[in-house]
Amino acid sequence: MRTELDNANRWLIVEEGPNPSTDYFVIPYLRKKRAQVQRLSFSEVLSGDELEGLGLIFVRYIPRSWQSLIHKNLSKLSEIYLFIDDDLFDWSAFVGLPLRYQLKIFRYSWSRQGWLKSIGAGLLVSTPYLQSKYQEWSPQLLQAQQIDCSGGQPLTVFYHGSASHIEEIRWLVPIIQKVLQRNSSLNFEVIGDGRVNNLFRGMSRVKVIHPMKWSTYLSMLQRPGRTIGLAPLLDTPFNKARSYTKFFDITRAGAVGIYANGDIYGRVIRHQENGLLVPMETSAWVDGILHLADDKQLREKLLSGARQCL
């Protein structure tokens, strides 16, 4: 393994979930290096082919699923590091902490030392104390930096389907997973019950809202914060009788819509004028969401066009 992070430009960060360790240390450092960064939670495990040429940084902990993936695909990765901002390798340092936390450190950090060294992984640390204590590992010191909030508020993508739209929600799951992996400034909001919550379990930046009465829903739409509304529609006998009312909900929320191409939404949507009409193909919806998220001018243009139809 190489010893300098400068040698790679595309990086995966594997973390239990959003956390201050990543935000204060790892993200600012990689951005300073002009790296392309993708953040993944423990449950978001990639395929071996997706690791080709990437660098990887574990933040504090190493889950077994990722350890197994790396064991099979080690040669595909350019570099591997573990970042620590607590002394996770010295048993005596965390004795006295709550037992559950001790077991977590033991399982996901302390027990991984031998494995990390066997694959030539590097060590990144947060303090001179840790750098000195583990000097035989030649750790690299990362300086804490203020969180970069220059990108503004996170953007919310949403799908507000009722219980009769459960198949559309299932269809959206892999799309949302890919979108959130590729753009860390996006959140996803969906309405649903326990079934829906289970579908998105373990996926970071997803909010599942409990179903509500129509009057409550209309009131909720008046609150700002939603950016991109989704209106997929599978080709089923039940859906042939649908109307395009989701266009009004999305526009009322102050958002821009991506709609299933076809007769139903084609009656009101003019592609690239008041929304996007997209075929029901996974890659097309991933690309459409990411494109709208990155193009504020286009969003403003489409929203203006949609409001003229109300």
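Preceding this section is the structure that the text describes.
These numbers were taken from a predicted model, which means no experiment stands behind them.

Conventions and cut-offs
Each chain has its residues counted from 1, running along the sequence as written. Only residues with pLDDT of at least 70 get local features here, since the model is predicted, and only at 80 or more are side-chain atom pairs given and counted; chain-wide, interface and lining totals rely on the full set of residues. In computing side-chain values, all of the structure's heavy atoms are included and hydrogens and water are not. Strands here are runs of E lasting at least two residues and helices are runs of H or I lasting at least four, both read from the DSSP assignment and numbered beginning at the N terminus. Expected span, for any helix, means 1.5 Å times one less than how many residues it has. Exposure classes here rest on a 1.4 Å probe applied to the protein chains alone. A residue is buried below 20% of its type maximum, exposed above 50%, and partly exposed in between. Here, the arc refers to the directions that run from the helix axis to the C-beta atoms. When checking whether two residues touch, look at their non-hydrogen atoms; a contact exists if any pair is within 4.5 Å. Two N or O atoms count as a polar contact when they lie within 3.5 Å, although within protein this holds only if one can serve as hydrogen donor and the other as acceptor, and sequence-adjacent residues are included solely when both atoms are side-chain atoms. Here a cavity denotes a set of grid points, spaced 1 Å apart and computed over the protein atoms alone, in which a 1.4 Å probe fits but from which it cannot get out, and a pocket denotes an open set meeting protein on both sides within 12 Å along at least five of seven lines; residues with an atom within 4 Å of a point are reported as lining. Grid points are joined across faces, edges and corners, and a volume is the space filled by probe spheres set on the points. Only Asp, Glu, Lys and Arg are considered charged, only Ala, Val, Leu, Ile, Met, Phe, Trp, Tyr, Cys and Pro nonpolar, and every remaining residue, Gly among them, polar.

1. Looking at helix α13 (residues 296–307)
- The end-to-end C-alpha separation of α13 is 16 Å, in line with the 16 Å expected for twelve residues at 1.5 Å each.
- Of the positions making up α13, those classed as buried are Leu298, Arg299, Leu302, Leu303, Gly305 and Ala306. Each buried residue of α13 lies within a common arc of 160 degrees when the element is viewed along its axis, so the set occupies one face. In α13, the exposed residues that point more than 90 degrees away from the buried face are Lys296 and Gln297.
- For α13, the elements touching its buried residues are β7 (155–159), β10 (228–231), α10 (246–252), β11 (256–260), β12 (276–278) and α12 (282–294).
- For α13, the N-terminal capping position is held by Asp295, with its side-chain oxygen 3.4 Å away from the main-chain nitrogen of Gln297.

2. Examining the environment of Phe200
- Among the secondary structure elements, Phe200 is positioned in the loop between α8 (194–199) and β9 (206–209).
- For Phe200, a relative accessible area of 3% translates into the label buried.

3. What about the layout of surface pockets?
- Reported here for the second largest pocket is a volume of approximately 430 Å³.
- For the lining of the second largest pocket, the secondary structure elements donating two or more residues are α7 (166–182), α8, α9 (214–221) and α10.
- Residue classes in the lining of the second largest pocket are distributed as eleven nonpolar, seven polar and six charged.

4. Remarks on empty space enclosed by the protein
- Counted according to the given criterion, the structure contains one cavity of 30 Å³ or more.
- Of the pockets and cavities examined, the largest cavity occupies roughly 40 Å³.
- Residue lining of the largest cavity: Phe158, Tyr159, His160, Tyr217, Leu230, Lys246, Asp249 and Ile250, and that is the complete set.
- Residue assignment for the lining of the largest cavity shows that the elements contributing at least two residues are β7 and α10.
- A breakdown of the residues in the lining of the largest cavity according to their chemical character gives five nonpolar, one polar and two charged.

Scope: geometric values only; no functional claims are made or implied.
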